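Architecture at a glance
In case you want the letters, here they are:
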Amino acid sequence: MTDDNIQSYIDDILDALSDDSDKKVSREELEKEFKKFLEYGVPVEHAKQTLIKKFRGDTERPMGERIPIADIQPDKTGINLLCRVININSREITSGKEKRKIFYGILGDESGTIGFTAWKDFNIEKGDILEISNAYAREWQGNIRINLGERTRIEKTDEEKLAEISYKPREYKIRDLRSGLGAVELIVKILDIKKREVEVDGSKKSVYSGIFGDETGKAQFTSWHDFDLKKGDVIRVSGGYVKTWRGIPQLIFDEKATVEKLDSNKILTKDIKTQKIPIHELVERHGGLDVMVEGTVIEIREGSGIITRCPKCSRVIQDQECSVHGRIQDGLQDIRVKLVIDDGTGSINAILGREVTEKLLGKTLDEWKKTAEKTKNKDTVIEEIKNMLFAHTINIQGNALSDEYGTTIIAKNAEFADIDINNEFDNLYHELEEEIQ
Ligand SMILES: [Zn+2]
């Protein structure tokens, strides 16, 4: 997708958000998030709708649900925390003619620490354990800060409510990584690593990011320090923390972490398999990187079958009309399937693009087109797809992401789990024989 096309999607999103004049989101931020969706293979329309919903503020957590400090995102409101005041200072500021006292310092919980600014006197002291509701986060000079304002409520609570902030690393397996975990220790094999330069507070810094795995799964990592890591290394990394993006866990670590290189045969690449996960677990985890689920197809959703895309922006178009480029004569045909699958523990959405759909159903787009032409009815295609998939059990592998619509797996591969291929071939062969005779 070209940059122009991305810009036109961003225009759409900004347009959709223009009614909510109090919601401010910058073009840069939208673009950053949008590109991230594309990187993970999320279809553009889906990404667009998700961002519109997100920035309309539909996604705010309900009151009462506390989030770990390590998971705080900039420009969020309605944040609830259970934390300790690690330190606090005050300062006089002049706003207009008025002098007022503000307070600033550091808050901490078991996942990490964050700077805060209190815009009024909440009568809090160093060491207090606080239940904070309705705080908001802002990014300032590259750091996220918590703001405690007029609408914030704070209650002091007991020490035991907050587990002692522990800096002693605990060993985890990748399948157990959850957003907000701090002081994490993992033994992993590096499957992929890339160096890139980023700007932090006006100066260039190298970051190392990639994918690593153990026998329970794969995760992303970002190291802010050069530990001389190479693809194939097996390491014990101790002292990182976990952040997730749409359910995909990522371990973040820097020079404060310790990294020890171990025998590279300690974990063999062949033992790092795609993790097969019960659907309820994937949904609770809000997604995962390169996971596999097996379930029964309980719904073939609207938007499946042969679709037409605008050749300029690849939006799905209807009645030869692209919402951006107007009338389109030469739309590109494509095929995809949107499913809901259920494994008895839960259900999940799945999106199968052209390549995966063609392989799973054993029929190319051109063959599907012929089916549609023959019967002069597009619905034949969707009917046939329903017959082939409905109530069958399939394995789907890919990245699972979560958003307001639930958890969706973007299929990289899909296979039937319940069809005896040999049997099917026999049947086909017999049918052919009968036709020939
Ligand atoms: Zn278009």
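Please read these numbers as outputs of a predicted model, since none were measured by experiment.

About the criteria used
- Residues numbered from 1 in each chain as written.
- Predicted model: local features only at pLDDT ≥ 70, side-chain atom pairs only at ≥ 80, totals over all residues.
- Heavy atoms only, no water.
- Donors = N, O, S within 2.8 Å, 3.2 Å for Na, K, Ca; no water.
- Tetrahedral: all angles 85-135°; square planar, octahedral: opposite > 155°, others 65-115°.
- Buried < 20%, exposed > 50% of the residue type's maximum accessible area, 1.4 Å probe, protein only.
- Core = buried A, V, L, I, M, F, W, Y, C linked by side-chain atoms within 4.5 Å.
- Contact = heavy atoms within 4.5 Å.
- Phe/Tyr/Trp six-rings, centres within 6.5 Å; stacked < 30°, edge-to-face > 60°.
- Helix = DSSP H or I, 4+ residues; strand = E, 2+ residues; numbered from the N terminus.
- Lys NZ or Arg CZ within 6 Å of the ring centre and 35° of its normal.

Structural notes on the coordination of the zinc ion
Geometry reference: four tetrahedral donors at a metal, ideal angle 109.5 degrees. Six octahedral donors, ideal angles 90 or 180 degrees. Summarising the metal site, the zinc ion is bound by the protein donors Cys310 (SG), Cys313 (SG), Cys322 (SG) and His325 (ND1), whose distances to it range over 2.0 to 2.4 Å. Classification of the site at the zinc ion as tetrahedral follows from its four donor atoms and the range of 104 to 114° in their angles at the metal. Counting along the primary sequence, the residues that act as donors to the zinc ion give the motif C-x2-C-x8-C-x2-H. Cys322 shares its class with Cys313; the two are buried.

What about the nonpolar core?
Nonpolar side chains tend to gather and get buried jointly when the protein is soluble and globular. If you look at the biggest cluster of nonpolar residues, it comprises 31 residues, and the most contacted ones within it are Leu339, Ile341, Leu352, Ile385, Leu389, Ile396 and Ile409. If sequence neighbours within four positions are ignored, Ile409 has contacts with Val291, Val293, Ile348, Asn349, Ala350, Ile351, Ile396, Gln397, Gly398, Asn399 and Ala400. Among the nonpolar cores identified, the runner-up in size contains 23 residues, and Ala16, Ile52, Leu289 and Ile351 belong to it.

Here's the deal with the packing of aromatic side chains
This structure, assessed with the given rule, holds four aromatic pairs. With centroids separated by 4.9 Å and ring planes inclined at 15°, the aromatic side chains of Phe212 and Phe221 adopt a geometry described as stacked. We note that Phe212, like Phe221, is buried. Here the aromatic rings of Phe227 and Phe253 are separated by 5.9 Å at their centres, their planes lie at 40°, and the arrangement is tilted. Taken together, the residues Phe227 in the loop between β10 (217-223) and β11 (234-245) and Phe253 in strand β12 (residues 248-253) connect sequence positions 26 residues apart. The class for Phe227 is buried, based on a relative accessible area of 17%. Classification of Phe253 as buried rests on a relative accessible area of 2%. Ring-pair connections join several aromatic residues into one group, and the members of that group are Phe212, Phe221, Phe227 and Phe253. We note Arg315 situated over the ring of Tyr9; from NZ or CZ to the ring centre the distance is 3.7 Å. Above the face of the Trp368 ring, Lys363 is positioned so that its terminal group lies 4.3 Å from the ring centre.

A word on the environment of Leu51
Note that Leu51 resides in helix α3 (residues 44-58). Here the alpha-carbon distance between Leu51 and Asp403, two residues 352 residues apart in the chain, equals 9.3 Å.

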